Amino acid sequence: MPAVKGAIRINKKQLQTEQTKRRIADASRGLFVKKGYKATSIEDIVKATGCSAGNIYYHFKSKEGLFLHLIEEWDREWEEKWLAKEPLYPTVTDKLYGMAEHLAQEQINHPLTKAIDEFFNNSEKNSEAEERIGEMVKGYINFNKQLLQRGIDSGEFKPADVTGLAVILDSLLYGLSLHARKMDRGEALTAYRLAMDVFLGGIAK
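In this text the structure is predicted, and so the values were computed from the model without any measurement. Per-chain numbering applies: the sequence of each chain, read as written, is numbered from 1 onward. At least 70 in pLDDT is required for a residue's local features to be given in this predicted model, at least 80 for side-chain atom pairs to be given and counted, and no such filter applies to totals for whole chains, interfaces and linings, which use all residues. Values shown for side chains rest on all heavy atoms present in the structure; no hydrogens or waters enter the calculation.

### Side note on the packing of aromatic side chains
Side-chain rings of Phe, Tyr and Trp (the six-membered ring for Trp) are treated as a pair once their centres are within 6.5 Å; stacked means planes under 30 degrees apart, edge-to-face means over 60, and tilted covers the remaining angles. Taken as a whole, this structure holds eight aromatic pairs when the rule is applied. Arranged with centres 5.6 Å apart and planes meeting at 25 degrees, the rings of Trp82 and Tyr89 form a pair that is stacked. Three exposure classes are used, based on accessible area relative to the maximum for each residue type with a 1.4 Å probe and protein chains only: buried under 20%, partly exposed in between, and exposed over 50%. For Tyr89, a relative accessible area of 21% puts it in the partly exposed group. Cation placement over rings: the criterion is NZ of Lys or CZ of Arg within 6 Å of the ring centroid and within 35° of the ring normal. Taking the ring centre of Tyr37 as reference, the NZ or CZ of Lys63 above it sits at 4.4 Å.

### Notes on the nonpolar core
The term nonpolar core refers to a set of buried residues drawn from Ala, Val, Leu, Ile, Met, Phe, Trp, Tyr and Cys, joined through side-chain atoms within 4.5 Å. Counting 30 residues, the largest nonpolar core has Leu96, Met99, Leu148, Phe157, Leu169, Tyr192 and Met196 as its most contacted members. Counting from the N terminus, the helices are the DSSP runs of H or I reaching at least four residues and the strands are the DSSP runs of E reaching at least two. The set of elements that each furnish at least two residues to this core consists of helix H4 (63–85), helix H5 (92–109), helix H7 (127–153), helix H8 (162–180) and helix H9 (185–203). Counting 23 residues, the second-largest nonpolar core is a separate cluster that includes Ile24, Tyr37, Ile56 and Phe60.

### Notes on the side chain of Thr113
In this structure, Thr113 sits in helix H6 (residues 113–121). Under the rule applied, a polar contact is a pair of N or O atoms within 3.5 Å (in protein, one hydrogen donor and one hydrogen acceptor; residues adjacent in sequence only if both atoms are side-chain atoms). Side-chain polar atoms of Thr113 contact the backbone oxygen of His110, separated by 3.0 Å. Apart from the residues within four sequence positions on either side, Thr113 is in contact with Trp74, Gln107 and Arg181. What makes two residues a contact is simply this: any of their non-hydrogen atoms within 4.5 Å.

### A few points about the pattern of salt bridges
The term salt bridge refers to a pairing of a side-chain nitrogen on Lys or Arg with a carboxyl oxygen on Asp or Glu at a separation within 4 Å. Counted by the stated rule, this structure contains 13 salt bridges. Here Glu73 and Arg22 are joined by a salt bridge, their closest N and O atoms 2.3 Å apart. Of this pair, Glu73 sits in helix H4 while Arg22 sits in helix H1 (residues 2–35); the two residues are 51 residues apart in sequence, bridging distant segments of the chain. For Glu73, a relative accessible area of 8% corresponds to the buried category. For Arg22, a relative accessible area of 35% puts it in the partly exposed group. When the shortest N-O distance is used, the salt bridge between Asp117 and Arg181 registers 2.6 Å. In this pair, Asp117 is assigned in helix H6 and Arg181 in the loop between H8 and H9, connecting sequence segments 64 residues apart. Residue class for Asp117 comes out buried when judged on its relative accessible area of 19%. Under the relative-accessibility criterion, Arg181 is labelled partly exposed at 31%. Taken together, the shared-partner salt bridges in this structure form one network comprising Arg22, Asp26, Arg29 and Glu73.

Right under this line is the structure:
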């Protein structure tokens, strides 16, 4: 029985920890959307959550760490939505057009977009934040590599340096995302489709 009681206590503590972390993340997201990244302070988050600054630092280490957590959550949500849609596109070429359109719609609609732009344009990032950003970029490159390799294996694309193509595709879509912020929905979708036309024109058989 003591072992069972200990396990219950641990599980309850883990649940409380996750609930606190979720409360901080949810409240801070609203602040970042409303005020932007730089103007939102730890003091603002303390007031919004009722948690102490020490508690916020315990869960996220820094404001940067908290904001990166929100970006990573967005990444996971984006991937889940895309994986649900992906079977609708029969060929890898179709998937690339679908992915570009999905990206455009998510970036146009997501409330954190402006704060994310501000965050990435801010040069004052600690080494841990830079490392986490690097890991996210690696994830994007690997995602592209897997999709492009499938296109090569299926005979849709010419054999090529898949890593290089994955980097080019990521750079193309990232650069376009910066311009798409200033476009309306129709213009952005047209620009993303055109970008895929140009990219696929260089690799399609």
